[in-house]
Amino acid sequence: MAGVQVSNVSRSFGAHKALDDVSIDFADGGFYALLGPSGSGKTTLLRQIAGFDFPDSGRISIGGESVERVPVEKRRIGMVFQNYALFPNMSVADNVAFGLSVRGENKAVIASEVQRALDLVQLGKLGRRRPHQLSGGQRQRVALARAIVTKPRVLLLDEPLGALDKALRVDMQIELKRIQREIGITTIFVTHDQEEALTMSDRIGILRDGRLVQEGPPEEIYDRPKSEFAATFLGNANIFRGDATGNGIRLPDGTAIAAKVGDRLAGGAKASCAVRPERIRIATDAVVSDAADANMLKGKVSKRIFAGNNSTYFVERAGQTLKVIVQNTGADRLAEGQDVVLRWSPESTVLIAAG
Amino acid sequence: MAVPGATASRSGLRSALPLLAPAYLWLTVAIFLPLSAMVFFSFMTDLPLSGKPWAFTLGNYAAFFSQSLYLTLLLASLRLGLEVTLWCVVIGYPAAYVLAKVLKGRSREAIFLLVILPFWSNGLVRIFSWAMVLREGGILDTALNAVLPFKINIDLMYSYPAVIIGLVHSYVPYMVLTCYLTLQAIDDSLIEAGRSLGASRLQVLKRVIIPLSLPGLVAGAALIFVPVVGSFMEPRILGGRTGTFYGTVIEDQFVAVFNWPLGAALSFILLAVVLVILAVAAPVLRRAA
């Protein structure tokens, strides 16, 4: 087990900067998600850590040992690929045994280690099957067993759940998390699925255009995004743009929005405010009920999407469509076309300097 | 219970028949009829064409066993086939690997074209070109002596190596093509997975790439070995006096000695031997793959 330090790593492919001065510290035993849209550099970063590709500049160390020029086979990492990459010419047990057998371990040790790894992923009885005889979820487990049986220092996962259907994916998320806790291995997980990143990881790094946009625990990134991109990529957010006033912003139409979270900005600068849809309360009356909901806007419901446990209202206001998510409490539902008042507190409003 | 499946396959066959018929008709006319005629000839004392008397005999087949020369030549031809196949693997497999896994885009297309080029040139022209290269005072000899500070004589013409060179040149594209197809189908992530598990490039090659590309190697080997064992053009032109093989003897029976029955009998013995070899090799290779 070991932590991974990535320091000032850059990598270009021709004129395209795939990674631009990225630094992240992955602490020992943590579960990290690298999140970003396609082309953001998250897979490139993972491949640098794995050793399939070397950085143009910068340093990578695993367990304090500098590895940026060490080829993958000498880095003692475990990797799970998006398509699982199981060897089709070998049985499940031989697939799992591969890493130990190329190392020249003796047969009895290999057999017991392989059985242990297969038991850990709950496939103890399927060792003699061929990969093509397994379901997607089972292949996923074999790939995981194969990656951890060699006791690597770091476990790297490249969108490992991308090919599974939703129900199975949720099962595997729980399973993966359980196994990771059980063996306590530093895990770095590449995904473009924000929900997956939120539910599974201890820390999330958001990448965009080869740069690290923000890094921190899921709650921190969700509650205190530092950029409009971070706010909208991880979860939903309503973004208001205007001029900073010292304790919030003023919209072009003169409406003031108070914000108590995020950057402190001097008056006059361009700034944005981000508000999560579930933090906004929606009502038909204009009565100011309590002082905590200091922010108030009027609008008209243009659309309602019912999702069972909640409803999403799309509210038109001064040319902007705002999203409001309301839990299904059985209270009266609002109709499309209805005039409404939106209220939310400054504590739910994040002030972001204009990027 | 099995009725629905059976009707489905029967109706499938019925709709496939018009598509299959031309190919089968052509094969019947072009291969089966002449071949049956040859089987017929191989049991005759003489050709029934010149009006000479003829009778059925097993003598043509007996000739193979009564004279050790035929067996010696057959073994020489099998050895030739084996050697040429091996050289094709040694030369063709790495080339196929580079084409499939290293080169991309334009350069791959260009190299690919160069590999298949021998296919598009006339076989006889190809062989005579080699004759010009290999003989004493030929292109290879002159070029080497122009470069090297000391005098050497390169006269490979009319020798066993010349036959090997000519045959390998003719047949190596088969090996490159069949291996290229299987190598290209191997997902790069399998190679990466192997390396991430600590395997060196050589270990990945041995344990993952070669086993997965074995079907291509086997197909290429079968495509090369069978015609090489019966080859006569390259041995005759490039081998000269040393180029007497089983194939050239069969050719002699047809074009020089005009003993078609013996030629036909020798051909079928070769066919039988090759089939036996493939039948014995198939299960072994299938298990390995």
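These numbers come from a predicted model, not from an experiment.

S.K.: Help me get a handle on the interface of chain A and chain B, residues and values and all.
M.R.: Contacts between the two partners involve 17 residues from chain A and, on the opposite side, 15 residues from chain B. At the level of elements, β6 (77-80) and α2 (92-102) of chain A are the ones that each hand at least two residues to the side of chain A that touches chain B. Here the side of chain A that touches chain B takes 3 residues from α2(A), the largest share from any one element. In terms of residue class, the side of chain A that touches chain B is built from 10 nonpolar, 4 polar and 3 charged.

S.K.: Before we move on, could you go through unusual backbone geometry and cite the residues and values that matter?
M.R.: With phi around 50°, K151(A) is a residue other than glycine that occupies positive phi space. Residue position: K151(A) is located in the loop between α4 (136-148) and β7 (154-158). Here K151(A) falls in the partly exposed class, since 14 other C-beta atoms lie within 10 Å of it. Residues other than glycine seldom take positive phi values, yet F258(B) does so here, at roughly 60°. Here F258(B) shows up in the loop between α11 (246-255) and α12 (260-288).

S.K.: Please provide a residue-by-residue account of the sheet that holds strand β4 (residues 57-62) of chain A, values included.
M.R.: Residue and element names in this part refer to chain A. Pairing is antiparallel across the open sheet formed by 4 strands, whose spatial order is β2-β1-β4-β5. The two strands at the open ends of the sheet, each matched to only one other strand, are β2 (16-26) and β5 (65-66). Note that strand β1 (residues 4-13) and β2 share 7 bridges and pair antiparallel. Considered in β2, the bridge of V6 is made with I24. Packing against the sheet, helix α1 (residues 42-50) makes contact with β1, β2 and β4, and its axis sits at approximately 120° to β1.

S.K.: Just give me the short version of the packing of helix α4 (residues 105-120) of chain B against helix α7 (residues 160-184) of chain B, but keep the residues and values in it.
M.R.: All names here are of chain B. Taken N-terminus to C-terminus, the directions of α4 and α7 make an angle of 130°; their axes are 9 Å apart at the nearest point. When the axis of α4 is compared with that of α7, the two are oblique. Crossing of α4 against α7: the hand is left-handed. Here α4 contributes V115, I116, P118 and F119 to the contact with α7, which in turn contributes H169, S170, P173 and V176. Along the lines of polarity and charge, the residues of the contact of α4 with α7 split into 6 nonpolar, 2 polar and no charged.

S.K.: Lay out the pairing of strand β19 (residues 320-327) of chain A with the relevant residues and their values.
M.R.: By the bridge criterion, 8 bridges tie strand β18 (residues 310-317) of chain A to β19(A) in an arrangement that is antiparallel. Looking at the pairing, V315(A) lines up with L322(A) of β19(A).

S.K.: How would you explain the domain arrangement of chain A if you had to name every residue and give the values?
M.R.: Parsing chain A into structural domains produces domain 1 (4-223) and domain 2 (237-353). Summarising the inter-unit geometry, the C-alpha centres of domain 1 of chain A and domain 2 of chain A are found 39 Å apart.

S.K.: Quick rundown of the pairing of β1(A)? Include the residues and the values.
M.R.: All names here are of chain A. Looking at chain direction, β1 and β4 are connected through 5 bridges and run antiparallel. Residue V4 lies in a different strand from β4, and its bridge partner there is I62. Hairpin connection from β1 to β2: 2 residues lie between these consecutive antiparallel strands, with G14 at a positive phi of about 65°.

S.K.: With reference to specific residues and values, describe the sheet that holds strand β10 (residues 211-216) of chain A.
M.R.: All names here are of chain A. Strand order in the open sheet made by the 6 strands is β6-β7-β8-β3-β9-β10, with mixed pairing throughout. Both outer strands of the open sheet, β6 and β10, are each paired with one neighbouring strand and no more. Ignoring strand direction, the axes of neighbouring strands in this sheet form an average angle of 20°. In terms of strand pairing, strand β3 (residues 31-35) meets strand β8 (residues 186-191) through 5 bridges, oriented parallel.

S.K.: Run through the environment of E73(A), naming residues and quoting values.
M.R.: By secondary structure assignment, the location of E73(A) is in the loop between β5 and β6. When the C-alpha positions of E73(A) and A50(A) are compared, they lie 9.0 Å apart, and in sequence the two are 23 residues distant. Once residues lying within four places of it in the same chain are set aside, the contact partners of E73(A) are R195(B), G198(B), A199(B) and S200(B).

S.K.: Tell me about the environment of L75(B), residues and numbers included.
M.R.: Checked against the element boundaries, L75(B) lands in helix α3 (residues 68-102). Distance in space between the C-alpha atoms of L75(B) and Y246(B) is 8.4 Å, their sequence separation being 171 residues.

S.K.: Outline α1(A), listing residues and values.
M.R.: Residue and element names in this part refer to chain A. With 8 of 9 residues buried, α1 lies mostly within the body of the structure. Listed in full, the buried residues belonging to α1 are K42, T44, L45, L46, R47, Q48, I49 and A50. Where α1 terminates, the next one or two residues include G51, which has phi positive at roughly 105°.

Conventions used here
- Residues numbered from 1 in each chain as written.
- Chains lettered and ligands numbered in written order.
- Predicted model: local features only at pLDDT ≥ 70, side-chain atom pairs only at ≥ 80, totals over all residues.
- Contact = placed C-beta atoms within 7 Å.
- Helix = DSSP H or I, 4+ residues; strand = E, 2+ residues; numbered from the N terminus.
- Nonpolar A, V, L, I, M, F, W, Y, C, P; charged D, E, K, R; others polar.
- Buried ≥ 20, exposed ≤ 12 C-beta atoms within 10 Å, placed from the backbone.
- Pairing = 2+ DSSP bridges.
- Axes fitted to C-alpha atoms, helices over the stretch in contact; angles between N-to-C directions.
- Parallel < 35°, antiparallel > 145°, perpendicular 65-115°, else oblique.
- Left-handed = near helix turned anticlockwise from the far one by under 90°.
- Domains from an automatic or database assignment.

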